[in-house]
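# Structure assessment
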Amino acid sequence: DIIDEQMREQSKQRLQASENPFEIDISTPTLPDFGIDAIWQRSDMRHWFVNCKSCKYEFCFELEFPNCMNKGKDGSYYRCCPKCLSPVDPKDGRFVMIGNTNSDTAGFWVSTLMTRLSADYIMDRFSNPISGRMNEFWNSVLGKPFIEYDDKVNKNEVYDCCSHYPMNTHYAGSTSMGVDVGKHLH
């Protein structure tokens, strides 16, 4: 999500001379519809679906979270079928395309839910996110773009801050910003 777009285009040009012009984009998503998530949205969106051996329900951990986690009698968490709550093993699954089947990009959603990482650890991170912010959990553990509600800025909030006054610091408590919108980000 932090790659310079000019370098990205340059690498695509250099790949054209290769006998195997494949590129692999791997990243932790940050914001919706940005970076790796924008690429994911254009892909065939393959999700890891697990089959419950008890009730035969097939589901995706990431789409069912947190209902795919349950606490056992001993107080520890385990991955479970969201339908019958039977324990499931993340290795008992397969990738299923649920996106654009005509896309020339194969997209794989990989998260820690499909690994052998302890369910207790995952649920602890969910209940006690690093630095108290949920975006770290959703981005790094679930591999899902997420932005805190308080961090969102909408068009009306920006327009409410606009005025006809030129930038100056004569007004107590005011803040001004100049933005140069050229060919490059400054």
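What counts, and where the lines are drawn
- Residues numbered from 1 in each chain as written.
- Predicted model: local features only at pLDDT ≥ 70, side-chain atom pairs only at ≥ 80, totals over all residues.
- Heavy atoms only, no water.
- Helix = DSSP H or I, 4+ residues; strand = E, 2+ residues; numbered from the N terminus.
- Buried < 20%, exposed > 50% of the residue type's maximum accessible area, 1.4 Å probe, protein only.
- Contact = heavy atoms within 4.5 Å.
- Lys, Arg positive; Asp, Glu negative; His and termini not counted.
- Salt bridge = Lys/Arg side-chain N within 4 Å of Asp/Glu carboxyl O.
- Polar contact = N/O pair within 3.5 Å; in protein donor to acceptor, adjacent residues only side chain to side chain.
- Arc of directions from axis to C-beta.
- Core = buried A, V, L, I, M, F, W, Y, C linked by side-chain atoms within 4.5 Å.
- Patch = residues over 30% accessible without salt bridge, like charges linked within 9 Å, V, L, I, M, F, W, Y side chains within 5 Å.
- Areas by Shrake-Rupley, 256 points an atom, 1.4 Å probe, with all protein chains shown as cover.
- Pairing = 2+ DSSP bridges.

## Details of the overall build of the chain
Looking only at helices and strands, the chain has six helices and five strands in total. For the chain, the sequential pattern of α-helices and β-strands runs α-α-β-β-α-β-β-β-α-α-α. Counting every position in the chain, which comprises 186 residues, the buried fraction comes to 27%. Pairs at least 24 residues apart make up 58% of the contacts formed inside the chain by residues separated by at least 6 positions.

## Examining the side chain of Asp37
With respect to the helices and strands, the residue Asp37 is situated in helix α2 (residues 36–41). For Asp37, which is buried and forms no salt bridge, the nearest opposite charge comes from Lys144, at a distance of 9.2 Å. One polar contact links the side chain of Asp37 to the main-chain amide nitrogen of Asp33, over a distance of 2.7 Å. The residues contacting Asp37, other than those within four sequence positions of it, are Leu31, Pro32 and Pro145.

## Points about the pattern of salt bridges
All chains considered together, the criterion is met by nine salt bridges. Notably, a salt bridge pairs Arg8 with Glu23, separated by 4.0 Å at the nearest N-O pair. Of this pair, Arg8 sits in helix α1 (residues 5–15) while Glu23 sits in the loop between α1 and α2, and the two are 15 residues apart along the sequence. With relative accessibility at 12%, the residue Arg8 sits in the buried group. Asp44 is the partner of Arg46 in a salt bridge, and the nearest nitrogen-oxygen pair spans 2.8 Å. Judged by relative accessible area, which is 23%, Arg46 ranks as partly exposed. Counted as one network, the salt bridges with shared partners bring together Lys53, Asp89, Lys91, Asp92 and Arg116.

## Digging into helix α4 (residues 119–127)
Taken residue by residue, α4 has Ala119, Ile122, Met123 and Arg125 as its buried positions. The buried residues of α4 occupy one face: seen down the axis, they fall within an arc of 155°.

## Let's talk about the nonpolar core
Where a protein is soluble and globular, its nonpolar side chains tend to be buried together. One finds Phe65, Met69 and Phe137 to be the most contacted residues of the largest nonpolar core, which totals 20 residues. Contributing elements (two or more residues each) for this core: β1 (46–51), α4 and α5 (134–141). Looking at this core element by element, the count peaks at four residues for α5. Residues in contact with Met69, not counting those within four places in the same chain, are Tyr77, Tyr78, Arg79, Cys80, Leu113, Ala119, Ile122 and Met123.

## Some thoughts on a nonpolar patch on the surface
A cluster of nonpolar residues, Phe95, Phe108 and Val110, forms a patch on the protein surface that exposes about 270 Å² of accessible area. As for its position among the elements, Phe95 is in strand β5 (residues 93–97).

## Notes on the pairing of β1
Direction of pairing for β1 relative to β5: antiparallel, over a ladder of five bridges. Looking at β5, one finds that Trp48 is bridged to Phe95. Where β1 folds back onto strand β2 (residues 58–60) in an antiparallel hairpin, the turn is made up of six residues, including Lys56, whose phi is positive at roughly 70°.

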